[in-house]
Amino acid sequence: MHKLIFFLLIITGLCGKAQDLVILHTNDIHSHLMGFSPETEYTPLVNNNDSTHGGFARIAGYIKTEQAKHKDKLLTLDAGDFLMGTLFQTIETSDGFQLNLMHKTGYDYLALGNHEFDYGPGALAHIITNSKQNGPVPKILCTNYNKSESQHANELNKLFNDSTIMPFDIIEKNGYRIGIFSLMGDNAEEYIPELYNVEFENKNKTARKTARHLKTQEEADLVIALSHSGVSLDKNGHWQGEDVRLGKRNNNIDIIISGHSHTPLKTAVQAGNTLVVQAGASGIYIGRIEVRFDSFGNPLVQYKLVEMNDEIIADKSTQQKIEAQIPKIEQKILTPFGIGFNTPVLETSFDLTLNRNNPEESNLGPFVTDAIYAWLNRDDGPGTDVVVAGTGVIRNNILKGKHGKQNINDIFNIMPLGLGFDSIPGTPLAKIYLTGHELKKVMELILSVSDTRKSFYLFIKGMRIFADLDKGIFRKIKSIELHKEDSGYTPIKLNRKDKTLYSITANAYMVSFIGQLKKMSLGLVNVEPKDSAGNVKNSIDMVIDLKPGQEGIQEAKEWMSIFHYASGLEDTNYNGIPDIPEKYRDARNPIIPVSK
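Residues numbered from 1 in each chain as written. Predicted model: local features only at pLDDT ≥ 70, side-chain atom pairs only at ≥ 80, totals over all residues. Heavy atoms only, no water.

A. How the structure looks around the overall build of the protein chain. Broken down by element type, the protein chain carries 17 helices and 28 strands. Whereas a compact globule of 596 residues would reach a radius of gyration of roughly 25 Å, the protein chain reaches 25 Å, a difference of no more than 12%. With the C-alpha coordinates aligned to their principal axes, the bounding extent of the protein chain is approximately 75 × 55 × 45 Å. Taking the intrachain contacts of the protein chain between residues at least 6 apart in sequence as the baseline, contacts between residues at least 24 apart amount to 75%. For the protein chain, the accessible surface area stands at approximately 24,500 Å², while carbon and sulfur atoms represent 49% of it. Counting 64 positive and 71 negative side-chain charges, the protein chain places the centres of these two groups 6 Å from one another. (Helix = DSSP H or I, 4+ residues; strand = E, 2+ residues; numbered from the N terminus. Rg over C-alpha atoms; globule rule 2.2 N^0.38 Å. Contact = heavy atoms within 4.5 Å. Areas by Shrake-Rupley, 256 points an atom, 1.4 Å probe, with all protein chains shown as cover. Lys, Arg positive; Asp, Glu negative; His and termini not counted. Charge placed at Lys NZ, Arg CZ, Asp CG, Glu CD.)

Okay, here's the thing in structure tokens:
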């Protein structure tokens, strides 16, 4: 059995010796075909003149440079979530552009991540089928997919049946046999909308069986798992998470190329005899692995991250292909807003960021909830008492860069996920009604789990919470106060007998979790979403209709809220572009710590 050995160049002696294999890898690109932030400053074909990162023209340029150097030694892989995150995703169901682009760029294999299922398995099948009709695509892998009998999955099942999507594959490079398979992680699976009934088999059992087959039956010299599962740091600064555990439990996997957690691992993590690597997210980095086999067939590995910055020589033809898609986006999405793709719509003199490790220190969250609250509570708006937004649905920061100007893609990228029932990109907003007692129960549970599951941390507008965060579950919150712009703060009655209802707005994906809280809390929280009359409703029925008098539902979207709010901000420097107010420089979430 091979034993993978990972040392620095100076120890292994790789320096100056020819590599047997070079493996390039990305993960969680999320349709970031343009560099950022801000996107208005991205000039990939001119070097050393901007501070943006990423951009597919740079990725293509780097891969092509490596291809010229290493030829048949080179293998290029992606560990999932290559779709969903920018306005470019909005034309995927009709064009299937990105998969063809990734093939032209030089990608050999892609794994499926959870966000490939954002529009549903049927839409994913449509994207892949359209792409194949347009030209070649990279080979697509997903090993632990459980073919569902759900009507949503019929078309996707066909792609598994005809091997368009494969469980694993063997590829020969430079005379070496490389076995590759892919896994959907447990946490990643949780983020696939439940209504699609997409299921996956046990990741660890599947990995053991597949890796053993690749090593023993297929006689692979190297086994690689593209695992959309993730890594994280424990409180002592040690790497943990699904992919670290996977490596420790499986001696037949040589390298795990990880995804999902958006972690830029600048040093590979040793997990048993397996190396775990990950390249962050959004195309900011490419991971680069050099492999040389010793005389016993053991792979010796050198690993590093390569930053896709303005020093990278970008590929001109790739950038031209990307820019050719912009008129399609403008026609399909932006025309009703009266703006162009590259038009600056907002300006900032400071950064607004989400600190995922310590979200309470973030100033972007308060800006987002203010935007949604203000748009819904405008004179002709549907109104709401409270707005909440989870860190998991906030995907990108607002960065000043050199000039501070943000285009519509910079705005869309903040909350880009999902697809509404109206087929317009963006998860719709939904409004439910809860009593004060129910609201306290929900927030108690959120405060208890968000310390370990940061994506559950909620930003709030319309109320403030006084809490002793050191107390145990259901003992943290001391009081909750509702805020109205015209009357200030008013205490909410939290006792069980008070039946006063308060309206809470969040995106429909988050609202759907309300009905699952009983299961998540082992029966401790039993809250059912209600309408304004107190009737229990399905969360899907609570989607906000902006124009109830018109046929169908005119859905409110998070990114639309931010755009409309930004458009109404004051232009403080009189250059025709609204400016982010100074109050957001140090804005914080209204959860107020109190002691006993």
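More follows now that the structure is in view.
B. The confidence of the model for the protein chain, seen in detail. Per-residue confidence for the protein chain gives a mean pLDDT of 90, with 93% of residues at or over 70. Scored below 50 in pLDDT, residues 6-16 makes 18 contacts in the model with residues more than four places away or belonging to other chains. (pLDDT = per-residue confidence, 0-100.)

C. Broad picture of the side chain of aspartate 410. Relative to the elements of secondary structure, aspartate 410 occurs in helix 13 (residues 408-412). Buried and unpaired, aspartate 410 has no salt bridge, with lysine 405 as the nearest side chain of opposite charge at 11 Å. A polar side-chain atom of aspartate 410 sits 3.0 Å from the main-chain amide nitrogen of glutamate 39. Not counting residues within four places of it along the chain, the set of residues in contact with aspartate 410 comprises Ser37, Pro38, Glu39, Thr40 and Lys405. (Buried < 20%, exposed > 50% of the residue type's maximum accessible area, 1.4 Å probe, protein only. Salt bridge = Lys/Arg side-chain N within 4 Å of Asp/Glu carboxyl O. Polar contact = N/O pair within 3.5 Å; in protein donor to acceptor, adjacent residues only side chain to side chain.)

D. Inspection of the packing of aromatic side chains at higher detail. Here the structure, examined in full by the defined rule, presents twelve aromatic pairs. Seen in terms of ring centroids, phenylalanine 56 and tyrosine 107 are 6.2 Å apart; in terms of plane orientation they differ by 25 degrees. Their pairing is stacked. Placement of phenylalanine 56 in helix 2 (residues 56-70) and of tyrosine 107 in the loop between helix 4 (97-105) and strand 4 (109-111) is noted, with a sequence separation of 51 residues between them. Assigned by exposure class, phenylalanine 56 and tyrosine 107 land together as buried. Ring geometry for tyrosine 145 and phenylalanine 200: centres 5.8 Å apart, planes at 70 degrees, overall edge-to-face. Linking tyrosine 145 in strand 6 (residues 145-146) with phenylalanine 200 in strand 10 (residues 199-200), this pair joins segments that are 55 residues apart in sequence. One exposure class covers both tyrosine 145 and phenylalanine 200, and it is buried. Joined through ring pairs, the aromatic side chains of Phe117, Tyr145, Phe160 and Phe200 make up one cluster. Over the ring of phenylalanine 474 we find lysine 441, and its NZ or CZ is 4.6 Å from the ring centre. Cation over ring: arginine 464 sits above tyrosine 489, and NZ or CZ is 3.7 Å from the ring centre. (Phe/Tyr/Trp six-rings, centres within 6.5 Å; stacked < 30°, edge-to-face > 60°. Lys NZ or Arg CZ within 6 Å of the ring centre and 35° of its normal.)

E. Highlighting the sheet that holds strand 14 (residues 255-258). Pairing in this open sheet of six strands is mixed, and the strands run 8-9-11-14-16-15 from one edge to the other. Strand pairing shows two members of the sheet lacking a second neighbour, strand 8 (168-173) and strand 15 (269-271), which therefore form its edges. Sheet twist, expressed as the mean angle between neighbouring strand axes with direction ignored, is 25 degrees. With four bridges joining them, strand 11 (residues 222-228) and strand 14 adopt parallel strand pairing. When the sheet's bridge partners are listed, isoleucine 224 is paired in strand 14 with isoleucine 255. (Pairing = 2+ DSSP bridges. Axes fitted to C-alpha atoms, helices over the stretch in contact; angles between N-to-C directions.)

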